[in-house]
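So the chains spell out like this:
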Amino acid sequence: MRYIRPKSLTWWAGFAAIIIGAVSMAGEDVALLENLSELASILTQGGASPAQLIVTGMGLIGLRDKLERITG
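Residues numbered from 1 in each chain as written. Predicted model: local features only at pLDDT ≥ 70, side-chain atom pairs only at ≥ 80, totals over all residues. Heavy atoms only, no water.

1. Remarks on the overall build of the chain
For the chain, the helix and strand inventory stands at three helices and zero strands. By the burial criterion, 24% of the 72 residues in the chain qualify as buried. Counting only contacts in the chain whose residues sit at least 6 apart along the sequence, the fraction spanning at least 24 positions is 72%. Accessible area for the chain stands at about 5,100 Å²; split by element, carbon and sulfur atoms hold 66% of it. (Helix = DSSP H or I, 4+ residues; strand = E, 2+ residues; numbered from the N terminus. Buried < 20%, exposed > 50% of the residue type's maximum accessible area, 1.4 Å probe, protein only. Contact = heavy atoms within 4.5 Å. Areas by Shrake-Rupley, 256 points an atom, 1.4 Å probe, with all protein chains shown as cover.)

2. Let's talk about the side chain of Ser-8
Relative to the helices and strands, Ser-8 resides in the segment before α1 (9-26). In terms of polar contacts, Ser-8 uses its side chain to reach the side chain of Arg-64, at 3.0 Å. (Polar contact = N/O pair within 3.5 Å; in protein donor to acceptor, adjacent residues only side chain to side chain.)

3. Some details on the pattern of salt bridges
Per the stated rule, a full pass over the model turns up two salt bridges. In this structure, the salt-bridge partner of Asp-65 is Arg-5, at a minimum N-O distance of 3.8 Å. Here Asp-65 is found in helix α3 (residues 50-71), whereas its partner Arg-5 is found in the segment before α1, with 60 residues between them in sequence. Of the charged contacts, one joins Asp-65 and Arg-69 as a salt bridge, the two residues approaching to 3.1 Å between their closest N and O atoms. (Salt bridge = Lys/Arg side-chain N within 4 Å of Asp/Glu carboxyl O.)

4. Looking at the packing of aromatic side chains
Each aromatic ring pair is specified by the distance between its two centres and by the angle formed by the two planes. This model, assessed by the stated rule, comprises three aromatic pairs. Between Trp-11 and Phe-15, the aromatic rings sit 5.1 Å apart at their centres with planes inclined by 5°, giving stacked as the arrangement. Taken together, the residues Trp-11 and Phe-15, both in helix α1 and four residues apart, mark about one turn of the helix. Phe-15 gets classed as partly exposed once you look at its relative accessible area, which sits at 33%. Ring geometry for Trp-12 versus Phe-15: centroids 5.8 Å apart, planes at 90°, classification edge-to-face. A residue pair is termed a helical-turn pair when its members lie 3 or 4 positions apart in one helix, as Trp-12 and Phe-15 do in helix α1 at three residues. Taken together, the aromatic side chains of Trp-11, Trp-12 and Phe-15 make up a single cluster linked through ring pairs. (Phe/Tyr/Trp six-rings, centres within 6.5 Å; stacked < 30°, edge-to-face > 60°.)

Functional significance is not addressed by these values, which are geometric in nature.
The following block contains the structure:
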């Protein structure tokens, strides 16, 4: 359970990216998540597919864990 760090902003950013990507991939029509997905696309300059959001989220969580092991 070392990857779950709810006190970390990086963890939450990664988790949110995974959730937005997964819901976008499932094709659910949720207005709030559509807006968040559009915002994520803007922030990634050119649009991010659901798979890219999931991979980015997993990368953020893994990076946070690595930094914790190095500094901790």
